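Structural features, examined
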Amino acid sequence: VKKRGIVDPAKSYIHVIKYERKGAFFPISCMQCRKPVCRDVCPVGAIEENPTTGALVVNNDKCLGCKLCNFACPFGGIVVDYVLGIATKCDLCGGEPACAKVCSRDCIKFIDVDKISAELKRKGIRQLAKLEWLITGGEK
Ligand code: SF4
Ligand code: SF4
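All of the points below concern the structure found in this document. Keep in mind that what you see is a predicted model, and the values were worked out from it rather than measured.

1. Points about the site of ligand 1
C30, M31, Q32, C33, P36, V37, C38, L56, C73, F75, I78 and K89 make up every residue found near ligand 1. Of the residues assigned to the shell around ligand 1, the class counts are 10 nonpolar, 1 polar and 1 charged.

2. Points about the site of ligand 2
Of all residues adjacent to ligand 2, which total 14 residues, the nearest are C42, C63, L64, C66 and C69. Class assignment for the residues of the shell around ligand 2 results in 12 nonpolar, 1 polar and 1 charged.

3. Description of the pattern of salt bridges
Applying the stated criterion to the full structure yields 5 salt bridges. We note a salt bridge from K3 to D91, for which the minimum N-O separation is 2.8 Å. In this pair, K3 sits in the segment before β1 (15-19) while D91 sits in the loop between β6 (86-89) and α3 (98-102), placing the two residues 88 residues apart along the sequence. K3 sits in the partly exposed class, given a relative accessible area of 34%. Measuring nitrogen to oxygen at the nearest pair gives 2.8 Å for the salt bridge that ties E48 to K62. On the criterion of sequence distance, the pair formed by E48 in strand β3 (residues 47-49) and K62 in the loop between β4 (56-58) and α2 (68-72) is long-range, its members being 14 residues apart. Among the residues examined, K62 registers a relative accessible area of 37% and is labelled partly exposed.

Reading guide: rules and limits
- Residues numbered from 1 in each chain as written.
- Chains lettered and ligands numbered in written order.
- Predicted model: local features only at pLDDT ≥ 70, side-chain atom pairs only at ≥ 80, totals over all residues.
- Heavy atoms only, no water.
- Near = heavy atom within 4 Å.
- Nonpolar A, V, L, I, M, F, W, Y, C, P; charged D, E, K, R; others polar.
- Salt bridge = Lys/Arg side-chain N within 4 Å of Asp/Glu carboxyl O.
- Helix = DSSP H or I, 4+ residues; strand = E, 2+ residues; numbered from the N terminus.
- Buried < 20%, exposed > 50% of the residue type's maximum accessible area, 1.4 Å probe, protein only.

Written out as structure tokens, the structure reads:
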């Protein structure tokens, strides 16, 4: 809604794929790469870095809609919208991602990259603790 003013998952700037057999969901979004091939292949320099957020954003005025970035991106993080005729991707909403704000299950979090490592470690410890509890049944 924030980007297009409509509710249409097909036009969302982030996507979620569902694996029906496993009942699992997998998010597809721009990874804001440090060496962005999408930017490297763009013939008109339409993918620019926001100096404030560091996010890579599409300059709509420059974009040709040629899809080279789409082919180059290894994550499927950028697609060309056929209606608009330009590439669309997550741009972190200027530093306040709307998806993270509205996610009622806290599945999407927007945190500093420096904190990700600590967060993963905590998650690993929680999983180990859970595994130990499952093995021992909580007995010491
Ligand atoms: S669109 Fe793809 S290549 Fe470009 S920064 Fe995002 S994930 Fe990386
Ligand atoms: S679709 Fe737009 S952003 Fe992507 S490579 Fe072509 S001109 Fe650049």
